[in-house]
Amino acid sequence: MKAIYKNLFFCLALILGVTACDNNVDLPPTGAPDGAETLAAGKYVGEWTRVNLSTEKVEVNSGSLTFTVDFEEHNNNVLVMKAECADMPLGVNGDTSVCNVARLSSGEFVYWNMVQSNPFGMIFNGRISPEGVATMKYTKIIREGRRETEYSYSFEGTKE
């Protein structure tokens, strides 16, 4: 019986010794922020495409996306985006919105806003290639009188 208690005490001491180790080891820093927001900032000029999803009518017009950095109002990895197209309504509620931006290991930037109540009034996302080509896609339901029409919008443009 003494041997059982002795082994039980030894196992308990071993378990307490293993679990008492400090697991709060600090990870080494991965480096300074890469400044994705400043690298992606600029004006991208190209074409907006709008497709009526019920009639499949396609409209194409020239326009732009402009990304600016505002460190006084926003944190790192946040851009202020302005979408412009003079000849076609883009279905956005406001002319500017903020978006998150990150740089992938491939050198490509991705930007997004997953909050439906942002100033644009819809969820959107896009990419900026290492060559300076920006793309964006979103879907928006436009109400005209009593009629609702769903449109698919896309943009592709190059940095000036």
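Small disclaimer: the values here were computed from a predicted structure and weren't measured. (Residues numbered from 1 in each chain as written. Predicted model: local features only at pLDDT ≥ 70, side-chain atom pairs only at ≥ 80, totals over all residues. Heavy atoms only, no water.)

**Notes on the side chain of Ser97**
With respect to the helices, strands and loops of the structure, Ser97 is situated in strand β4 (residues 96-103). Those residues in contact with Ser97 that lie beyond four places of it in its chain are Leu79, Val80, Met81, Asn113, Asn118, Pro119, Phe120 and Phe124. (Helix = DSSP H or I, 4+ residues; strand = E, 2+ residues; numbered from the N terminus. Contact = heavy atoms within 4.5 Å.)

**Considerations on the pattern of salt bridges**
Scanning all chains against the criterion turns up four salt bridges. Glu59 is the partner of Arg50 in a salt bridge, and the nearest nitrogen-oxygen pair spans 2.7 Å. With its nearest N and O atoms 2.9 Å apart, the salt bridge here joins Glu108 to Arg127. Within this pair, whereas Glu108 is found in the loop between β4 and β5 (109-113), its partner Arg127 is found in strand β6 (residues 124-128), the two being separated by 19 residues in sequence. (Salt bridge = Lys/Arg side-chain N within 4 Å of Asp/Glu carboxyl O.)

**Quick notes on the sheet that holds strand β8 (residues 147-159)**
Strand pairing within a sheet occurs via backbone hydrogen bonds; the two strands may be parallel or antiparallel. The eight strands are arranged β1-β2-β3-β4-β5-β6-β7-β8 in a closed barrel whose pairing can be described as antiparallel. Across the sheet, the mean angle from the axis of one strand to that of its neighbour is 30°, orientation sign disregarded. In the sheet, strand β2 (residues 58-68) pairs with strand β3 (residues 78-84) via five bridges, with the strands oriented antiparallel. Following the sheet pairing, Phe67 is matched in β3 by Met81. (Pairing = 2+ DSSP bridges. Axes fitted to C-alpha atoms, helices over the stretch in contact; angles between N-to-C directions.)

**Description of the packing of aromatic side chains**
A full pass over the atoms with the stated rule returns seven aromatic pairs. Between the aromatic rings of Phe120 and Phe124, the centroid separation amounts to 5.3 Å while the plane-to-plane angle is 45°, which identifies the pairing as tilted. Judged by its relative accessible area of 0%, Phe124 falls in the buried class. By way of ring pairs, the aromatic residues Trp48, Tyr138, Tyr151, Tyr153 and Phe155 are connected into one cluster. Positioned above the aromatic ring of Tyr151 is the side chain of Arg50, whose terminal nitrogen or guanidinium carbon lies 4.1 Å from the ring centre. (Phe/Tyr/Trp six-rings, centres within 6.5 Å; stacked < 30°, edge-to-face > 60°. Buried < 20%, exposed > 50% of the residue type's maximum accessible area, 1.4 Å probe, protein only. Lys NZ or Arg CZ within 6 Å of the ring centre and 35° of its normal.)

**With respect to the pairing of β3**
Judged by how many residues are buried, β3 sits mostly within the fold: five of seven residues are covered. Here β3 runs beside β4; their pairing, made up of five bridges, is antiparallel. Residue pairing in the sheet places Val78 in a bridge with Asn100 of β4.

**Re the environment of Thr149**
Among the structural elements, Thr149 can be located in strand β8. Classification of Thr149 as buried rests on a relative accessible area of 7%. Spatially, the C-alpha atoms of Thr149 and Leu53 are 7.7 Å apart, while their sequence positions differ by 96 residues. With residues up to four places along the chain from it excluded, the contact list for Thr149 reads Asn52, Lys140, Ile141, Ile142 and Glu144.

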